[in-house]
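What follows is the residue order along each chain.
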Amino acid sequence: MTALTPAAALAPQASPDDDGPPRASLDDDRPLVLALPKGRILKDAAQLLAAAGIIPAADCLDEHSRRLRFETDNARLDVIRVRPFDVATFVAFGAAQIGICGADVLMEFDYAEIYAPLELGIGACRVSVAEPEDMAATDDPQRWSQVRVATKYPNIARRHFARRGIHADIVHLNGAMELAPGLGISRLIVDLVQTGSTLKANGLRETEVIADVTSRLIVNRTALKTQPEAIGALIARFRAAIAGGDGASGRIAATGR
């Protein structure tokens, strides 16, 4: 996986004629917005927020709540709860200035507008290749020139197989990837794997790990340049929470807002 560096994050902002996400819209009268992923990472993210001294409204952690935006104990910070695949897009387009995002999403979209300063150590899993058990024992991938792959990670899958000189014919699915080989849609799948139990239950074997994945703290690069004190204070609080220090008790800096 290509490292996400501060230098890349602070590259010159694209002009309005470019095809990338537009410059973030920042209003000094509005609170910062932190994007959180729904689903399995939310519980771990909630513990991290607590360690960082950030307390969102109680229903933020209730998966049954219909609200999507939540106030916190700090008037200068709101939280939004979105699909894990959408966190990076909200941050890249400046709708949220900061977020918690899986490295798999960063690999798939590779937004130049995002800076990922912190490895959070939560949401550990991996992006892997899997195929039916009865094929895995005799298959010889070195003989392939083309293979059909079902995945929600078309860019990751294409790059992975292209490095081996194999053309990946992608079937783009958003879920139930494990059904694809058995129903003849694809030969392989590329998917996120945590324990491997779902693969096993559906007659598949994990044959290769493309990348180990954990969650990252991500920042919109324009927000970092225009509000360095406020964003820097948030990054420092998360860094202190990870380290187990007591520096997470400070408040978001008002300077630069």
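Residues numbered from 1 in each chain as written. Predicted model: local features only at pLDDT ≥ 70, side-chain atom pairs only at ≥ 80, totals over all residues. Heavy atoms only, no water.

## Considerations on the overall build of the protein chain
Item 1. Along the backbone of the protein chain there are 10 helices and 11 strands.
Item 2. When each of the 257 residues of the protein chain is scored for burial, the buried share is 48%.
Item 3. Partitioning the contacts of the protein chain with sequence separation of at least 6, the portion at a separation of at least 24 is 69%.
Item 4. For the protein chain, the accessible area works out to roughly 12600 Å², and carbon and sulfur atoms hold 50% of it. (Helix = DSSP H or I, 4+ residues; strand = E, 2+ residues; numbered from the N terminus. Buried < 20%, exposed > 50% of the residue type's maximum accessible area, 1.4 Å probe, protein only. Contact = heavy atoms within 4.5 Å. Areas by Shrake-Rupley, 256 points an atom, 1.4 Å probe, with all protein chains shown as cover.)

## Structural notes on the layout of surface pockets
Item 1. Put simply, the largest pocket is a space of about 720 Å³.
Item 2. Sorting the residues of the lining of the largest pocket by element identifies helix H2 (40–51), helix H3 (84–92), strand E4 (98–102), helix H4 (103–109), strand E9 (188–193) and helix H8 (197–201) as the ones contributing at least two each.
Item 3. With 4 residues, H4 is the single largest residue contributor to the lining of the largest pocket.
Item 4. Of the residues contributing to the lining of the largest pocket, the split by class is 16 nonpolar, 10 polar and 9 charged. (1 Å grid on protein atoms, 1.4 Å probe; cavity = no way out; pocket = protein on both sides within 12 Å on 5 of 7 lines; lining within 4 Å. Points joined across faces, edges and corners; volume = space filled by probe spheres on them. Nonpolar A, V, L, I, M, F, W, Y, C, P; charged D, E, K, R; others polar.)

## So, unusual backbone geometry
Item 1. With a phi close to 50°, Asp110 is a non-glycine residue in the positive phi region.
Item 2. Its place among the elements puts Asp110 in the loop between H4 and strand E5 (114–119).
Item 3. If you check the backbone angles, Ala176 has positive phi at about 55° while not being a glycine.

## Considerations on the packing of aromatic side chains
Item 1. Under the definition given, this model contains 3 aromatic pairs.
Item 2. Consider the rings of Phe109 and Tyr111, whose centres lie 5.7 Å apart with planes at 5°: the pair is stacked.
Item 3. Owing to a relative accessible area of 32%, Phe109 belongs among the partly exposed residues under this scheme.
Item 4. For Tyr111, a relative accessible area of 17% corresponds to the buried category.
Item 5. Among the aromatic side chains, those forming a connected cluster through ring pairs are Phe85, Phe109, Tyr111 and Tyr153. (Phe/Tyr/Trp six-rings, centres within 6.5 Å; stacked < 30°, edge-to-face > 60°.)

## What about the nonpolar core?
Item 1. With 37 residues, the main nonpolar core has Ala88, Ile114, Val149, Phe161, Val190 and Ile218 as its most contacted residues.
Item 2. At 5 residues, the largest contribution of residues to this core is made by H3.
Item 3. Excluding residues that lie within four positions of it along the chain, Ala88 makes contacts with Cys101, Val105, Leu106, Tyr111, Ile114 and Ile218.
Item 4. In this structure, Ile41, Val79, Ile122 and Leu234 belong to the second largest nonpolar core, which totals 31 residues. (Core = buried A, V, L, I, M, F, W, Y, C linked by side-chain atoms within 4.5 Å.)

## Overview of the sheet that holds strand E2 (residues 69–71)
Item 1. An order of E2-E3-E1-E4-E11-E5 is seen for the 6 strands of this open sheet, with the pairing classed as mixed. Taken across any chain shown, the strands that pair with only one partner, and hence form the sheet edges, are E2 and E5. Across this sheet, the average inter-strand angle for adjacent strands is 30°, counted without regard to direction.
Item 2. Bridging between E2 and strand E3 (residues 77–82) involves 3 bridges; their strand directions are antiparallel. Counterpart to Arg69 in the pairing with E3 is Ile80.
Item 3. On the sheet, H2 packs against strand E1 (32–37), E3, E4 and strand E11 (215–220) and is oriented at approximately 140° with respect to E1. (Pairing = 2+ DSSP bridges. Axes fitted to C-alpha atoms, helices over the stretch in contact; angles between N-to-C directions.)

## What about the sheet that holds strand E10 (residues 204–213)?
Item 1. If you walk across this open sheet you meet the 5 strands as E8-E7-E9-E6-E10, and the pairing is mixed. The sheet is open, and its two borders are formed by strand E8 (167–172) and E10, each paired with just one other strand. When the angles between neighbouring strand axes are averaged without regard to direction, this sheet yields 30°.
Item 2. As defined by bridge partners, strand E6 (residues 125–132) adjoins E9 across 5 bridges and the pair is classed as antiparallel. Within E9, the residue paired with Ala130 across the bridge is Ile189.
Item 3. On the sheet, helix H6 (residues 154–162) packs against E6, strand E7 (146–151), E8, E9 and E10 and is oriented at approximately 165° with respect to E8.

## With respect to the confidence of the model for the protein chain
Item 1. Overall, the predicted model of the protein chain reaches an average pLDDT of 86, with 84% of residues at or above 70.
Item 2. At the level of individual helices and strands, the protein chain shows its lowest average pLDDT in helix H1 (residues 6–9), which scores 38, and its highest in E11, which scores 98.
Item 3. Below a pLDDT of 50 lies the segment residues 1–17, which in the model reaches 25 contacts outside its immediate sequence neighbourhood of four places, other chains included.
Item 4. With pLDDT under 50 throughout, residues 245–257 is counted as low confidence; its partners more than four residues away or in other chains account for 41 contacts. (pLDDT = per-residue confidence, 0-100.)

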